[in-house]
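Residue-level structure breakdown
So you can see what is in the structure, the chains are spelled out below.
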Amino acid sequence: MPGYTGETPTAVVIAWLRGSVTFSLSERMVNARTVLSEYPGGPLVAAQVLDKLEAAAQSVSAVKWVQSFLKADVGIDIASAATRTAIDALIYAEILTPEEGAALKGLGEREMTRWDSVGGRASDEDGYVEQVVAGVRGWV
């Protein structure tokens, strides 16, 4: 196994379960207020991105509609495949930079441990991960 460190298989599995991964959420509705408050870099940087979208809305009908939803309370589903594809198209058209597009997509993502992603207990104070892994090893 590449990178084998001599750890026991149980320790390797536990370390893997505690490792962090980023998941795209199934749905995440955001509006302009959300973008301004959660965009990496803060509200001034977010406002510049929203201004770019506003300018693009003058000539790109799809962006005009997205802008109308961003201005409404309900917003847009930033995690949907269609929205993520549209953001990629805006990057390709050089309306947004790759960094700006990634930051917008990041609003529809969540970082968590693999353990949390499969419904593991939030707290591992009592070594619960180790107990589960040991139990699974006993089944195999």
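See above for the structure.
As a starting point, this report considers the structure included with it. No experiment lies behind these values; they were computed from the predicted model shown.

1. A few points about the environment of Ala86
Along the polypeptide, Ala86 turns up in helix 5 (residues 81-92). Expressed as a C-alpha distance, the spacing of Ala86 and Ala62, which sit 24 residues apart in the sequence, is 8.8 Å.

2. Digging into the packing of helix 5 against helix 6 (residues 98-106)
Closest axis-to-axis distance for the helix 5/helix 6 pair is 9 Å, and the angle between their directions is 170 degrees. By the angle class used here, helix 5 and helix 6 are roughly antiparallel. Remark: the crossing between helix 5 and helix 6 carries right-handed chirality. Contact residues: Arg84, Ile87, Asp88 and Ile91 in helix 5; Pro98, Gly101, Leu104 and Lys105 in helix 6. Here the contact of helix 5 with helix 6 is composed, by residue class, of four nonpolar, one polar and three charged.

3. Description of the side chain of Asn31
Within the secondary structure, Asn31 sits in the loop between strand 2 (29-30) and helix 2 (32-38). A relative accessible area of 8% means that Asn31 is categorised as buried. Separated by 3.1 Å, the side chain of Asn31 and the backbone nitrogen of Arg33 make a polar contact.

4. Looking at helix 3 (residues 43-56)
Over its 14 residues, helix 3 extends 20 Å from the first C-alpha to the last, a length consistent with the 20 Å expected when each residue adds 1.5 Å. For helix 3, every residue scored as buried is listed here: Ala46, Val49, Leu50, Leu53 and Ala56. Looking straight down helix 3, one finds its buried side chains confined to an arc of 115 degrees; they lie on one side. Opposite its buried face, helix 3 presents the exposed residues Leu44, Gln48, Asp51 and Ala55, each directed more than 90 degrees away.

5. Quick notes on the pattern of salt bridges
Evaluated as defined, the whole model comprises six salt bridges. Linking Lys52 and Glu100 is a salt bridge whose minimum nitrogen-to-oxygen distance equals 2.8 Å. Here Lys52 is found in helix 3, whereas its partner Glu100 is found in helix 6, with 48 residues between them in sequence. For Glu100, a relative accessible area of 13% corresponds to the buried category. For Asp88, the salt bridge is made with Lys105, and the minimal N-O distance between the two is 2.4 Å. You can see Asp88 sitting in helix 5 and its partner Lys105 sitting in helix 6, a full 17 residues away along the chain. For Asp88, a relative accessible area of 36% translates into the label partly exposed. With a relative accessible area of 17%, Lys105 lands in the buried category.

6. Topic: helix 4 (residues 61-71)
Think of an α-helix as 3.6 residues a turn; residues three or four steps apart then line up on the same face. Residues Val63, Gln67 and Leu70 constitute the buried set of helix 4. Axial view of helix 4: buried residues confined to an arc of 60 degrees, hence all on one face. If you follow the buried residues of helix 4, they end up packed against strand 2, helix 2, helix 3, strand 3 (76-77) and helix 5.

The rules behind the values
- Residues numbered from 1 in each chain as written.
- Predicted model: local features only at pLDDT ≥ 70, side-chain atom pairs only at ≥ 80, totals over all residues.
- Heavy atoms only, no water.
- Helix = DSSP H or I, 4+ residues; strand = E, 2+ residues; numbered from the N terminus.
- Axes fitted to C-alpha atoms, helices over the stretch in contact; angles between N-to-C directions.
- Parallel < 35°, antiparallel > 145°, perpendicular 65-115°, else oblique.
- Left-handed = near helix turned anticlockwise from the far one by under 90°.
- Contact = heavy atoms within 4.5 Å.
- Nonpolar A, V, L, I, M, F, W, Y, C, P; charged D, E, K, R; others polar.
- Buried < 20%, exposed > 50% of the residue type's maximum accessible area, 1.4 Å probe, protein only.
- Polar contact = N/O pair within 3.5 Å; in protein donor to acceptor, adjacent residues only side chain to side chain.
- Expected span 1.5 Å × (residues − 1).
- Arc of directions from axis to C-beta.
- Salt bridge = Lys/Arg side-chain N within 4 Å of Asp/Glu carboxyl O.

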